[in-house]
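Here are the chains, one letter per residue:
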Amino acid sequence: MKGAVFTHFQEMIEDQFGMECWETLLEKCDLPSGGIYTSANNYDDQEILSLVVALSEYSSVPVPDLVEAFGRYLYKGLAHSLPPVMMNFPDLWSLLGAVDSVIHVEVHKLYPDALTPKILVTEKHENGVTLYYQSPRKMCLLAIGLVHQAAESFGTPVIIKHTCCMNEGADHCSLLVERI
Amino acid sequence: MEYEAAFQRERKARKQAESILEQKSRELHFANIALKESVNSLHSAVQENKFLNHIGRYGLERLRLRDFLPKIVNDMMRLSNISFATFAHFPFDNNQSDFHSPLLKNPDQHEGQPLEIESDEVGNIIAEIEPLIRERKATHLQIIDLVIDEKNIDTVIALPIISLDHLCGIVFLFSQGLTDKQTQVFNVFETGFKQLAIILEHRYQEDKLLTSYEEITSANEALKETQQKLVQSEKMATVGQLSAGIAHEINNPMGFIKSNISSLGGYIADFIEYVETSKTLTDESIKSTDENIKNAAKALDKAWNDVDMNFLIEDTQNLLNESQQGVKRIIDIVGGLKRFSRQSDHQKEFCHLNQIIDEALKLASNELKFKGVVKKQIEEVQPILGNSGELLQVFLNLFVNASHAMNEHGELTIHLAESADGARIKVSDNGSGIDKQNLKSIFNPFFTTKEVGVGTGLGLSISYGIIEDHQGTIDVTSELGKGTEFSIWLPYEGARSTRSMEGIK
C-alpha cells in the first residue's frame with residue numbers, strides 16, 4: 001500500500017489520540033518498516049491492518065468504525081495531494097464518476113505500480129448513484145469513509161447502503177449512495 | 001514542547017520533500033510519455049522509410065507490379081496497423097489480363113496462420129469501388145459493415161496507383177475504425193504511390209524506347225539486306241554491260257572466223273583431192289625409164305613420206321572439225337552472255353506458266369528419268385506477259401541443275417501459285433544442296449562448281465537476267481545434304497506497271 005496512506009494514518013492518530021498513542025501502536029505491532037513511512041514508498045498491506053487492529057484495542061473503537069473514520073480523514077489528505085485542476089468537480093456525483101477514469105489515472109502517472117481499487121458509477125438514480133467497488137484489499141469501508149467526507153466537502157451529505165460486500169463473499173461491493 | 005516544535009518542522013520538511021518528489025515524478029511521467037511518443041514516431045518514420053525504400057527498390061529490380069505489390073501491401077498493413085488488405089493490378093499492356101489478389105492478412109497480427117483468405121463479400125465491395133476509382137482517380141474511403149476473421153471491419157480505404165493517366169492498380173485496406181495516426185500514414189502511402197507511379201512511367205517509357213530501338217534495329221537490318229541486294233543487282237548490271245560489250249566484240253571476229261573456217265574446209269577438201277590425184281602421177285612416174293622423171297618422182301615420194309602426208313590429210317580434217325565445234329561453242333557462250341545482258345529483243349506475249357513448266361519438264365525428261373520422281377503442285381494462275389522461250393530456258397535450267405544435284409532417290413517438287421499480284425514458282429529438290437559460300441555466287445556469270453567443260457557457269461546468271469527482264473525476283477535457299485529451293489516470282493501485268501513506275505521514281 002502507498003506510503004501516503006500510512007503517513008495520513010499516522011497524522012490522524014497523532015491528531016486524534018496524540019503522539020504517545022502512535023508510539024504505543026508501533027511498539028505493539030513491531031512492524032517490518034519500523035513505522036518509518038514516506039509517501040514515495042510502498043509498504044506491506046498487513047502493516048495497516050495490524051495498526052488498525054492495535055488502534056481498535058487501544059481505543060476500544062470497533063475496527064470497521066475506525067476504518068471508515070480513517071477514510072474520512074484520508075479524503076482531505078488525498079484531495080490535497082492531487083493537482084488542483086484535477087479536483088475541479090462541480091458536485092459529488094461528477095467526482096464519483098471520475099474516480100477511476102481521472103483520479104486513478106493521475107495516480108498511476110506518479111506511481112505506475114500503485115494498486116488502485118476499481119470504483120465505478122454503475123447506475124445513476126434520481127437521488128444518487130450505485131458505486132461498484134472491487135479490490136483484492138477488500139477495503140470497502142475505507143471507500144465509504146472517503147465518499148462520506150467527499151459528500152460533506154460538497155455540502156451534500158449522503159447515506160450509503162452496502163447492498164453487497166466482498167467481505168461477505170461477493171466478487172465486488174455495491175454501494176448505494178443517496179442524498180439525505 | 002521544544003521537541004514537538006522541532007518534530008513538526010521536520011515533518012513539514014518531509015512533506016515538502018515528498019511534494020517536490022511528486023512534482024518530479026509527474027515531470028518524469030510526462031518526459032516519459034514524450035519519450036515514448038518520440039520512440040513511436042521514430043518507429044513510424046523507420047517504417048515509412050522502409051516502405052518508401054521498398055518502392056524505390058522496385059525501380060531497380062524490374063519486377064512485375066503484381067509480384068511486387070504484396071511486399072508493399074504488407075508494409076502498408078504493418079505501418080498503418082490495419083488487419084486486412086487486397087490489391088488489384090491493371091497492366092499497361094491490354095493483352096495482359098488484370099489481376100486481383102486474395103485478401104491478405106497483416107503478417108504482424110497473424111503469425112503462423114494462413115495469410116490469404118478468399119471472401120465473396122470483399123470481392124463484392126471491390127467490384128463496387130473499382131468503377132468509382134476509375135472515374136475519380138483519387139483515394140476513396142467508404143464505410144462498410146463486414147466481419148472478417150471475427151473482426152468487425154467498418155472502413156475500407158482504396159488507394160489508386162495512377163501513372164500516365166492510367167489506373168495501374170488499387171490497394172484496398174480494411175480497417176476497424178480509423179485513428180489520426182492511420183490518417184497520417186495514408187499521406188505517406190499517397191506519397192509512396194506517387195513515387196511508384198513515376199517509376200512505372202519511367203519503366204513504361206523505357207519499354208517503349210526498347211521497342212522502338214528493336215524496330216529501328218530490324219529496319220536497319222532490312223535496309224542492309226536491301227542494300228546488299230542492290231549491290232548485287234548493280235554488280236549484275238555491270239557484268240551485264242561488260243558482257244554485252246565483250247559479246248559484241250567477240251561476235252564480229254567470230255563471224256568471219258566461222259565463215260573462214262567453213263570456206264577453209266571447202267578449200268582443204270579441194271587440196272586433198274588434188275594432192276591425192278597427184279600422188280597417182282608420182283607413183284606412175286617412179287616406174288618411168290626416164291631417169292629425170294624417175295628421180296623427180298622419187299624426190300616427191302620421199303617428201304610425201306617425210307611430211308607424213310597421209311596423217312596430215314586425216315588430221316587436217318579433225319582439226320577443222322574441232323575448230324568448227326570450238327567456234328560454235330564460243331558463239332553459244334556469247335549468245336548466252338547477250339541473253340543475260342538483256343540484249344535480246346524478243347517480243348513479249350501472254351504465256352501460261354503451267355504449259356511452259358510442262359514443256360520444260362518434257363525437254364528435261366531425259367535428264368530426270370533416272371533421278372527419281374517429279375511432284376507437281378500446280379494451281380491456276382493468270383497468264384504472265386513475257387517471253388515463253390526465255391522462261392522455258394529458265395525452268396529447263398533449274399530442272400537440269402536439280403537433276404545434277406540429285407541421286408536416284410531424288411524428288412523434284414514444282415509448286416505454282418498466286419502470290420502478291422503475281423505468280424510464285426518454287427522448284428525444290430532433295431539433292432546435295434549448295435554450301436553457303438557458293439550460294440552467294442550462284443547467280444554470277446561463269447560461276448560453276450561443275451567440272452571444266454561440263455558447265456559454262458552461265459545458266460543461272462542467264463536465268464537471273466531473264467527474270468529481272470520480266471521484272472520478277474529469283475531467290476534461292478539451300479541446306480547442304482538436304483536440298484535446294486529456287487523461288488521465282490513473276491508479276492502480273494497490272495502489278496508490273498506499278499513496279500516499273502516505282503522504279504522510275
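These remarks concern the structure in this document. Since this is a predicted model, take the numbers as computed values, not measurements. Per chain, residue numbering runs from 1 following the sequence as it is written. Whichever chain is written first is A, and whichever ligand is written first is 1; the rest continue in order. Totals for whole chains, interfaces and linings use every residue, but because this is a predicted model, local features are given only for residues with pLDDT of at least 70 and side-chain atom pairs only at 80 or more, for both listing and counting.

Examining the environment of B:Asn387
So, step 1. Think of it this way: any DSSP run of H or I at least four residues long counts as a helix, any run of E at least two long counts as a strand, and we number them from the N terminus. By the element assignment, B:Asn387 lies in the loop between strand E10 (384-386) and helix H8 (388-405).
So, step 2. Spatially, the C-alpha atom of B:Asn387 lies 8.4 Å from that of B:His470, the residues being 83 residues apart in sequence.

Regarding the sheet that holds strand E13 (residues 473-479) of chain B
All names here are of chain B.
So, step 1. In this description, strands pair whenever DSSP reports at least two bridges between them. Taken in spatial order, the five strands of this open sheet run E9-E11-E12-E14-E13, and their pairing is mixed. Each end of this open sheet is capped by a strand with a single partner; those strands are strand E9 (373-378) and E13. Each strand axis lies, on average, 10° off the axis of its neighbour in the sheet, ignoring direction.
So, step 2. As paired strands, strand E12 (residues 422-429) and strand E14 (residues 483-491) are joined by eight bridges and run antiparallel to one another. In the strand pairing of E14, Val-427 is matched with Phe-486.
So, step 3. We call two residues in contact whenever the C-beta atoms placed from their backbones are within 7 Å. The axes are straight lines fitted to the C-alpha atoms, using for helices just the contacting stretch, and the angles between their N-to-C directions are given from 0 to 180°. Along the sheet face, helix H7 (residues 353-368) touches E9, strand E11 (411-418) and E12 and points at about 170° away from the line of E11.
So, step 4. Packed onto the sheet, H8 meets E11, E12 and E14 and runs at close to 20° relative to E12.

Considerations on the pairing of strand E7 (residues 166-175) of chain B
Residue and element names in this part refer to chain B.
So, step 1. Burial is judged by counting other C-beta atoms within 10 Å of a residue's own C-beta: 20 or more means buried, 12 or fewer means exposed, and anything between counts as partly exposed, with every C-beta placed from the backbone. With eight of 10 residues buried, E7 lies mostly within the body of the structure.
So, step 2. Where strand E1 (residues 84-89) lies against E7, six bridges are found, and the strand directions are antiparallel. Pairing of Ala-85 across the sheet is with Leu-173, part of E7.
So, step 3. Of the pairings in the sheet, the one linking strand E6 (residues 151-163) to E7 comprises nine bridges and is antiparallel in character. Note on E7: the bridge partner recorded for Ile-162 is Leu-167.
So, step 4. From the end of E6 to the start of E7, which pair antiparallel, there are two residues, and Leu-164 there has a positive phi angle of about 55°.

A short note on helix H1 (residues 2-61) of chain B
Residue and element names in this part refer to chain B.
So, step 1. Every helix has an expected span of 1.5 Å times one less than the residues it contains. Helix length check: H1, at 60 residues, gives a terminal C-alpha distance of 86 Å against a target of 88 Å (1.5 Å per residue), a fit within 8%.
So, step 2. Taking burial as the measure, the 60 residues of H1 include three buried ones, a minor fraction of the element.
So, step 3. Listed as buried for H1 are Glu-48, Phe-51 and Ile-55.
So, step 4. Looking one or two places after H1, you find Arg-62, whose phi comes out positive at around 55°.

Describing unusual backbone geometry
So, step 1. Of note in this structure, A:Ser60 is not a glycine but carries a positive phi near 60°.
So, step 2. One non-glycine residue, B:Leu164, lies in the positive phi region at around 55°.
So, step 3. Residue placement: B:Leu164 occurs in the loop between E6 and E7.

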